[in-house]
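The residues making up each chain are set out below.
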Amino acid sequence: KRARKWALGCMQVIRARSREVLTRPSLPLAYRLGLLEFMGFYPAQALLLIALVTGHLVLPALAGNPAPGLSWVPIAGGLILAALFAPTLAWSVREGRLKEWPLLAWSCALVYGGSLIPTARGVLDGLSKRERPWIPTNVATSNPNLPVTAWAEMLLGIALMAIPWLYNSPAVTSPASY
């Protein structure tokens, strides 16, 4: 629930403030770029999900094995991952903690990689102008220990690895796969 709400809030900020951030001359360029990069974190995760589903499930099923060297999936996945890790890398460089960055990046990958579907739903919710009710994330509910969405996300993860592997697709070597 939390990832979806944060993605929704981020998209609401993007809709409300991105034009002002881009056009305000009194705001230094580095601040504008940093803020836009930070605001783009959740939409980049939604793009990663689209790229993974397209490159790992749709294309192998429709086209079979693409010609070697022509696959765009590893390039697109690598660029999206670079965009996702750039804020933590920039912070690590700025704070002089570059040696600790790989562990931080791996932790972020585990946390955010496990919430792609709720994040994408939050991004879509944020693009919509429909009003959403506010529901606290820390209120106890009678939901099962493992919600249905977690099972769906697990099955998606298995499919993202199994289908390219079955088709012997180079997409399985994409850095975005992991």
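Values in this document were obtained by computation on a predicted structure and should not be read as measured data.

What follows covers the overall build of the chain. On a plain count of helices and strands, the chain comes out with seven helices and zero strands. The buried share among the 178 residues of the chain stands at 30%. Contacts in the chain between residues far apart in sequence, at least 24 positions, make up 77% of those at least 6 positions apart.

Tallied over the full model, the rule gives one aromatic pair. Relative to tryptophan 101, the ring of phenylalanine 85 lies with its centre 6.1 Å away and its plane at 90 degrees, an arrangement referred to as edge-to-face. One end of the pair, phenylalanine 85, is in helix 4 (residues 73–94); the other, tryptophan 101, is in helix 5 (residues 101–113), and 16 residues separate them in sequence.

As a further point, take helix 1 (residues 2–23). End to end, helix 1 covers 31 Å across 22 residues, agreeing with the expected 32 Å (1.5 Å per residue, within 8%). If you look at helix 1, its biggest bend is around 55 degrees, right at arginine 17. Among the residues of helix 1, those classed as buried are Ala3, Ala7, Leu8, Cys10, Met11, Ile14 and Val21. Taken together, the buried residues of helix 1 touch helix 2 (29–39), helix 3 (41–63) and helix 6 (116–127).

This next bit is on helix 6. Taking 1.5 Å of rise per residue, 12 residues should cover 16 Å, and helix 6 covers 17 Å from first to last C-alpha, within 8% of that figure. Within the sequence span of helix 6, burial applies to Leu116, Thr119, Ala120, Gly122, Val123, Asp125 and Gly126.

Right, let's get into the nonpolar core. Of all hydrophobic cores here, the largest spans 22 residues; its most connected members are Tyr42, Leu48, Leu84 and Val123. Looking at which element gives the most residues to this core, the answer is helix 3, with nine residues. Beyond its immediate chain neighbours, meaning those up to four positions away, leucine 84 contacts Phe41, Ala44, Gln45 and Leu48.

On to the pattern of salt bridges, then. Counted according to the given criterion, the structure contains four salt bridges. A salt bridge links glutamate 20 to arginine 17, with the nearest nitrogen and oxygen atoms 3.8 Å apart. Of the two residues, glutamate 20 and arginine 17 are both situated in helix 1; the distance of three residues between them amounts to about one turn of the helix. Taking relative accessible area as the criterion, arginine 17 reaches 46% and is therefore assigned partly exposed. In this structure, arginine 24 engages glutamate 20 in a salt bridge whose closest nitrogen and oxygen atoms are separated by 2.6 Å. The exposure class of arginine 24 is partly exposed, given its relative accessible area of 38%. Each of the salt bridges in this network shares a partner with another, and the network as a whole consists of Arg17, Glu20 and Arg24.

What counts, and at which threshold
- Residues numbered from 1 in each chain as written.
- Predicted model: local features only at pLDDT ≥ 70, side-chain atom pairs only at ≥ 80, totals over all residues.
- Heavy atoms only, no water.
- Helix = DSSP H or I, 4+ residues; strand = E, 2+ residues; numbered from the N terminus.
- Buried < 20%, exposed > 50% of the residue type's maximum accessible area, 1.4 Å probe, protein only.
- Contact = heavy atoms within 4.5 Å.
- Phe/Tyr/Trp six-rings, centres within 6.5 Å; stacked < 30°, edge-to-face > 60°.
- Expected span 1.5 Å × (residues − 1).
- Bend = angle between axes of the 7 residues up to and from the residue.
- Core = buried A, V, L, I, M, F, W, Y, C linked by side-chain atoms within 4.5 Å.
- Salt bridge = Lys/Arg side-chain N within 4 Å of Asp/Glu carboxyl O.

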